[in-house]
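# Commentary on secondary and tertiary structure
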Amino acid sequence: MADRVTVIGWDGSPLTAAARSALSAATLVAGAAHHLALKEVPPAAERIRLGSVELAARRIAQHRGTAVVLADGDPGFFGVVRTLRAPEHGLEVEVVPAVSSVAAAFARAGMPWDDAQIVVAHSRDLRRAVNVCRAHTKVAVLTSPGAGPAELALLLRDVHRTFVICEALGTTQEQVTVLTSDKAADHVWRDPNVVIVVGGPAGSAAAQGSNWLAGHEVGYPAGPRGWGLSDSAYGGGLTEGESVQLRTAQLARLGPAIGDLVWDIGSGSGAAAVEAARFGAAVIAVDADEDACARTTAVGRRYGVQLQVVHGRAPQVLEDLPEPDVVRIGGGGTAVVTACAARRPERIVTHAATRDEAEALGRALADGGYEVECALLQSVELDTSAWVERERAVVFLVCGYRVHHP
């Protein structure tokens, strides 16, 4: 095992005295090509070009001597420290940090960032980073080859944002570019880069002032506490398919989370769409009725969430939408269920008024490769002034869970 492992962050500024001291004593130095070219690297030290951090950690663990790992920015922030400290390597790590690339990017933009979401984008799961950009008004994206500004812009499609693209921070090639997301795909961008994605309509629930929790917008939590809110929270007039009891059960089974994209088909008043978005998910609300779309847009702004509202009739309108993680179907029958199942979301929920309708919806889910669950929900609302029954509702909740084949 290495006698000592020091991880040095580098942000383009001169190395600190502590960093120079550790580097001068190193018998092994790992880093990217531009790190290994630093004049402070001892000529006699073994050099490892840092590609796979896992492989480098194994080599360092076998080394007899003093090892230094050089990394851009703060190596403890989405950096190499996590891998080096993994128990299987048995390394004791000392860190000499520098300014992180995210902090540097926001500094160049002159923006606060305690309220920003921060995500790492890889080509294999870029859509999750894109979904965070859809759902939040300020996101820093740590990009990678094949998952850069152009690819982000292409996947955002009709969701318009402003990009602040910070290339090669801390180097002589540093450049900061501000442009709208629809223009980002027209350029070739230099790696590494950080993209600050900002924009989206501000809701009436948005607040001004100081923040208290990193990664959340000022004024968090906005709106009333909890979910499964009453009819009055959405201005009244909710349909049977949007009742508190049914909506709560549907959301519990969908489990919308940050990084997810939710389709809410037949969004009605927007109650389910808003509550999914309050969990941090990106939401596309679809309805064939223009008034319903307007209500959904208005209620989204009232609660300060980002919704993409699409006016159109399912299943035809679904063809051009990005891939969903989970889907709520408020109406449309088996044709819509079949179309959604073909897109392979992880979960689909819908409802039926009769057993025959529930059976047909369940069969469509099963034919699409989903494990089906059906429950009969009955709720009774009481008038608490006299403790008598005010309203009774009975509905079939139909859920489909994608079958994962080994």
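Not measured: the values here are computed from a predicted model.

### Some thoughts on the pattern of salt bridges
Charged atoms that come close allow side chains of opposite charge to pair. For the structure shown, the criterion picks out 16 salt bridges. For R59, the salt bridge goes to E46, with nearest N and O atoms at 2.9 Å. Residue R59 is located in helix α3 (residues 53-62), and its partner E46 is located in strand β3 (residues 46-49); the two are separated by 13 residues in the primary sequence. In this structure, the salt-bridge partner of E323 is R343, at a minimum N-O distance of 2.9 Å. Of the two residues, E323 is situated in the loop between β13 (307-311) and β14 (326-329) and R343 in the loop between α12 (333-342) and β15 (347-352); the sequence distance between them amounts to 20 residues. Residues joined by salt bridges that share partners form a network here, namely E381, D383 and R390.

### Here we look at the environment of A104
Along the chain, A104 turns up in helix α5 (residues 101-109). Classification of A104 as buried rests on a relative accessible area of 10%. Note: C-alpha distance between A104 and L169 (65 residues apart in sequence) is 7.4 Å. Setting aside anything within four residues of it in sequence, one finds A104 in contact with V99 and L169.

### Quick word on the nonpolar core
A general tendency of soluble globular proteins is for nonpolar side chains to be buried together. With 27 residues, the main nonpolar core has W263, I265, L318, I329, C340 and I348 as its most contacted residues. If you list the elements that add at least two residues to this core, you get β11 (261-265), β12 (282-287), β14, α12, β15, α13 (355-367) and β17 (388-402). The contacts of I329, once residues within four sequence positions are left out, are I265, V336, V337, C340, I348, V349, T350 and H351. Core analysis: the second largest hydrophobic core is formed by 26 residues, L229, A276, A281 and V305 among them.

### A short note on unusual backbone geometry
Cis geometry marks the peptide bond from D191 to P192; its omega dihedral reads -5°. Residue P315 is bonded to the preceding A314 through a cis peptide linkage, with omega at 10°. Its location among the elements puts P315 in the loop between β13 and β14. Residue F78 is not a glycine yet carries a positive backbone phi of 50°. Mapped onto the elements, F78 comes out in the loop between β4 (66-72) and α4 (81-84).

Here is what the cut-offs are and how they apply
- Residues numbered from 1 in each chain as written.
- Predicted model: local features only at pLDDT ≥ 70, side-chain atom pairs only at ≥ 80, totals over all residues.
- Heavy atoms only, no water.
- Salt bridge = Lys/Arg side-chain N within 4 Å of Asp/Glu carboxyl O.
- Helix = DSSP H or I, 4+ residues; strand = E, 2+ residues; numbered from the N terminus.
- Buried < 20%, exposed > 50% of the residue type's maximum accessible area, 1.4 Å probe, protein only.
- Contact = heavy atoms within 4.5 Å.
- Core = buried A, V, L, I, M, F, W, Y, C linked by side-chain atoms within 4.5 Å.

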